[in-house]
Amino acid sequence: MFSKIFSSSTFGIDAVVVEVETHFEKQLPSIIIVGLPDSAVRESKERVVAAIKNSGFEFPLKKITINLAPADIKKEGSAFDLPIAIGILTANGIIPTEAAEKTIFLGELSLDGSLRKIKGVLPIVVEAKRIGFNRIIVPANSVKEASIVDGVDVFGIENLKDVVSFLNNELELKPVKTNRNELFSQINKYNLDFSDVKGQENVKRSLEIAAAGSHNIIMIGPPGSGKSMLAKRFPSILPPLTFEEALETTKIHSIAGILSSDIALITERPFRSPHHTVSDAALIGGGSFPRPGEVSFAHHGVLFLDEFPEFKKNVLEVMRQPMEDYKVTISRSKMSLEFPANFMLVAAMNPCPCGYYTDPTKECTCNSGMIQKYMAKISGPMLDRIDIHIEVPAVKYKDLSSNINGETSEEIRKRVIVAKEIQIARFNEFPNIHSNADMGTNEIRQFCKLDSAGTELLKMAMTKLGLSARAYDRILKVSRTIADIEGSENILPNHLSEAIQYRSLDRELWMH
Ligand SMILES: Nc1ncnc2c1ncn2[C@@H]1O[C@H](COP(=O)(O)OP(=O)(O)OP(=O)(O)O)[C@@H](O)[C@H]1O
Ligand SMILES: [Mg+2]
Ligand SMILES: [Zn+2]
């Protein structure tokens, strides 16, 4: 009267296999679950009892002890319903012991025995395969994301009764497979394209540079100038996700339960745009069972912060660590978890509280004190992490009414990819540097050498434009990217002078 069934639980963005042991004793009927269950796991016994009975199986009138091992891992969630039910039915002789071997069971049960979608299936399947399980049984609604891992048979089943029939060879099912190549051949069908944006050639150019060198960028312009429109199209000019990147991003969305049932793998770079009222926990992650936040949902993609100065100071402050480390570390008394958070920041703001300071067609109603206070909100360490500042002018009527379409995202992206390849070759021996934006002081010295004309130009700009010292390295990195887009080995004065233009917020005098 004993059974051992396998299940799994996520831990950060990885997973651990959990053993579900079931033992019966001839005593007054009761069920106890041991092994650090959280409340969802404890509630599981009510669901399991109802589901077993409502599926037409006899429920054993015995003392049932269920042990979830290893005990030192905190187990979260409702995915243990199915393995617990299978454990009870196996110990009771309704399923043969061999039938449940080498299989991972996952799924939440409804009272009527149907199986509900659960979180974190993808990391579990990846781990299960790694340690040699060859079969996974999940709710039908979770099967898509599970099926992306090959070399393991994944079955999506609707209810407990069918799982039992399947294990007893009374029901024939085919494992679900998703063809990776097919998935990736569909990628980059973004609905939004840069060719929709009329005019704004300078802004598009700066976004291209940002995409090519992974530079964070901030756009400053009046309402209706197209900042949000441009930001939303930004992922369409980034290089396509690699399979490994896609897997990492999908894992994060999977454990947070924000992956929709019809998606096997996220094949487009994510675009996240949290509102400025977002809490720091929602932005970087947190909770007693640490859950990833927006910065991790944007992993390998774009985090768009619209109305940038409206974000609370403490919220922007907590973003500094992930922006430097490309990951978030969340410490709890018993554990410390890491979630990847390698994103590109795109920020947008108005030039003043009323919005129209730089708009030639509308009167700005702010006084200079208000404007200075508004600009001061974004100064300092945060601005220090943004390489490119670009002013977005009000769209000219002539541009808006023109029939001429701009370049498509695909055309821009081709150049971005070429520049990216140059960087991959350049940083081949630097494991922590993937793009020009990642360069530290040493790399800047090595890869951003200037000739005497360039040195002279930069020196002049620093003093004449009143650029701050922190602007210096940013200008060099951005000019490196501009040179890469042009395929130029050396940084030339025209690359430098373009990069200098992208430091408008560093000028000691914003007023012009
Ligand atoms: N360059 C453009 N080409 C075509 N349409 C544009 C352009 N700029 C703005 N629009 C139109 O104006 C609308 C408003 O633009 P958008 O929301 O991007 O402005 P915004 O700069 O984000 O403004 P706000 O500061 O109010 O957030 C867009 O949805 C689009 O229809
Ligand atoms: Mg907007
Ligand atoms: Zn104003």
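No experiment lies behind these values; they were computed from the predicted model shown.

On any regular strand, side chains alternate: one points to one face of the sheet, the next to the other face. Burial within strand β4 (residues 63-69) is extensive, with five of its seven residues counted as buried. One ladder, built from seven bridges, connects strand β2 (residues 14-25) with β4; its direction is antiparallel. Looking at β4, one finds that E19 is bridged to A69. Here strand β3 (residues 30-34) pairs with β4 via five bridges, running parallel. Residue pairing across strands places I32 opposite T65, the latter belonging to β4.

The next thing to look at is the packing of aromatic side chains. Scanning all chains against the criterion turns up six aromatic pairs. Ring-pair connections join several aromatic residues into one group, and the members of that group are F427, F430 and F447.

Look at helix α1 (residues 39-54): 23 Å from first C-alpha to last across 16 residues, which is about the 22 Å you get at 1.5 Å a residue. Maximal helix bending in α1 amounts to about 25 degrees, located at K45. Taken residue by residue, α1 has A40, V41, S44, R47, V48, V49, A51 and I52 as its buried positions. In this structure, the buried side of α1 is in contact with β3, β4, α2 (81-91), β6 (108-109) and α5 (160-167). Backbone geometry just downstream of α1 places G56 in the positive-phi region, at approximately 90 degrees.

Okay, the domain arrangement of the chain next. Here the chain is described as being made up of domain 1 (2-167), domain 2 (194-431) and domain 3 (439-512). Centre-to-centre separation of domain 2 and domain 3, based on C-alpha positions: 22 Å. Among the residues of domain 2 in contact with domain 3, D387, H389 and R426 are the three that bury the most area, contributing 22% of the side total. Those elements giving two or more residues to the side of domain 2 that touches domain 3 turn out to be α7 (201-213), β10 (217-220), α14 (368-376), β18 (388-391) and α16 (409-426). Considering only residue class, the side of domain 2 that touches domain 3 consists of 17 nonpolar, nine polar and seven charged.

Attention now goes to the nonpolar core. For soluble globular proteins, nonpolar side chains are generally found buried alongside one another. Judged by nonpolar contacts, the single largest core of 48 residues is most densely connected at L207, M219, F234, V346 and I475. Broken down by element, the residue count for this core peaks at seven residues, all from helix α19 (residues 469-486). A domain split of this core shows at least three residues from each of domain 2 (194-431) and domain 3 (439-512). Beyond its immediate chain neighbours, meaning those up to four positions away, M219 contacts V203, K227, L230, A231, V346, A347, A348, M349, I390 and V392. With 39 residues, the next largest nonpolar core counts I220, V278, A347 and I378 among its residues.

So, about the environment of A348. Relative to the helices and strands, A348 is located in strand β17 (residues 344-349). Residues A348 and L305, 43 residues apart in the sequence, show an inter-C-alpha distance of 6.4 Å. Not counting residues within four places of it along the chain, the set of residues in contact with A348 comprises I218, M219, K227, F304, L305, D306, E307 and F308.

The expected angle between donors at a tetrahedral four-coordinate metal is 109.5 degrees. At an octahedral six-coordinate metal it is 90 or 180 degrees. Donor atoms from the polypeptide that bind the zinc ion (ligand 3) are C352 (SG), C354 (SG), C364 (SG) and C366 (SG), placed at 2.2 to 2.4 Å. Coordination geometry of the zinc ion (ligand 3): the four donor atoms subtend angles of 107 to 111 degrees at the metal centre, consistent with an arrangement described as tetrahedral. Taken in sequence order, the residues that donate to the zinc ion (ligand 3) follow the motif C-x1-C-x9-C-x1-C. Of the residues examined, C366 reaches a relative accessible area of 14% and is grouped as buried.

As for its placement among the helices and strands, E145 is situated in helix α4 (residues 143-146). Side chain to side chain, E145 and S254 meet in a polar contact 2.6 Å long.

What follows covers the pattern of salt bridges. All chains considered together, the criterion is met by 21 salt bridges. Where D81 meets R47, a salt bridge forms, and the shortest distance between an N and an O atom there is 2.6 Å. Highlighted residues: D81 in helix α2 and R47 in helix α1, separated in sequence by 34 residues. With respect to burial, D81 and R47 carry one shared label: buried. In this structure, R205 engages E498 in a salt bridge whose closest nitrogen and oxygen atoms are separated by 2.8 Å. Separated by 293 residues along the polypeptide, R205 in helix α7 and E498 in helix α20 (residues 493-501) bring together distant segments of the chain. Given a relative accessible area of 15%, E498 falls into the buried group. Taken together, the salt bridges that share partners define one network made up of E208, E407 and R415.

The immediate surroundings of ligand 1 are formed by 15 residues, with K198, G224, K227, S228 and M229 found nearest. Within the backbone of G224, one N or O atom sits 2.8 Å away from an oxygen atom of ligand 1. Protein coverage of the free-state accessible area of ligand 1, which is 630 Å², stands at 66%. Examining the composition of the shell around ligand 1, we find that three residues originate from one element, helix α8 (residues 227-233), more than from any other. Tallied by class, the residues present in the shell around ligand 1 amount to six nonpolar, six polar and three charged.

Definitions and limits used
Residues numbered from 1 in each chain as written. Chains lettered and ligands numbered in written order. Predicted model: local features only at pLDDT ≥ 70, side-chain atom pairs only at ≥ 80, totals over all residues. Heavy atoms only, no water. Buried < 20%, exposed > 50% of the residue type's maximum accessible area, 1.4 Å probe, protein only. Helix = DSSP H or I, 4+ residues; strand = E, 2+ residues; numbered from the N terminus. Pairing = 2+ DSSP bridges. Phe/Tyr/Trp six-rings, centres within 6.5 Å; stacked < 30°, edge-to-face > 60°. Expected span 1.5 Å × (residues − 1). Bend = angle between axes of the 7 residues up to and from the residue. Contact = heavy atoms within 4.5 Å. Domains from an automatic or database assignment. Buried area = accessible area lost by both parts, 1.4 Å probe. Nonpolar A, V, L, I, M, F, W, Y, C, P; charged D, E, K, R; others polar. Core = buried A, V, L, I, M, F, W, Y, C linked by side-chain atoms within 4.5 Å. Donors = N, O, S within 2.8 Å, 3.2 Å for Na, K, Ca; no water. Tetrahedral: all angles 85-135°; square planar, octahedral: opposite > 155°, others 65-115°. Polar contact = N/O pair within 3.5 Å; in protein donor to acceptor, adjacent residues only side chain to side chain. Salt bridge = Lys/Arg side-chain N within 4 Å of Asp/Glu carboxyl O. Near = heavy atom within 4 Å. Areas by Shrake-Rupley, 256 points an atom, 1.4 Å probe, with all protein chains shown as cover.

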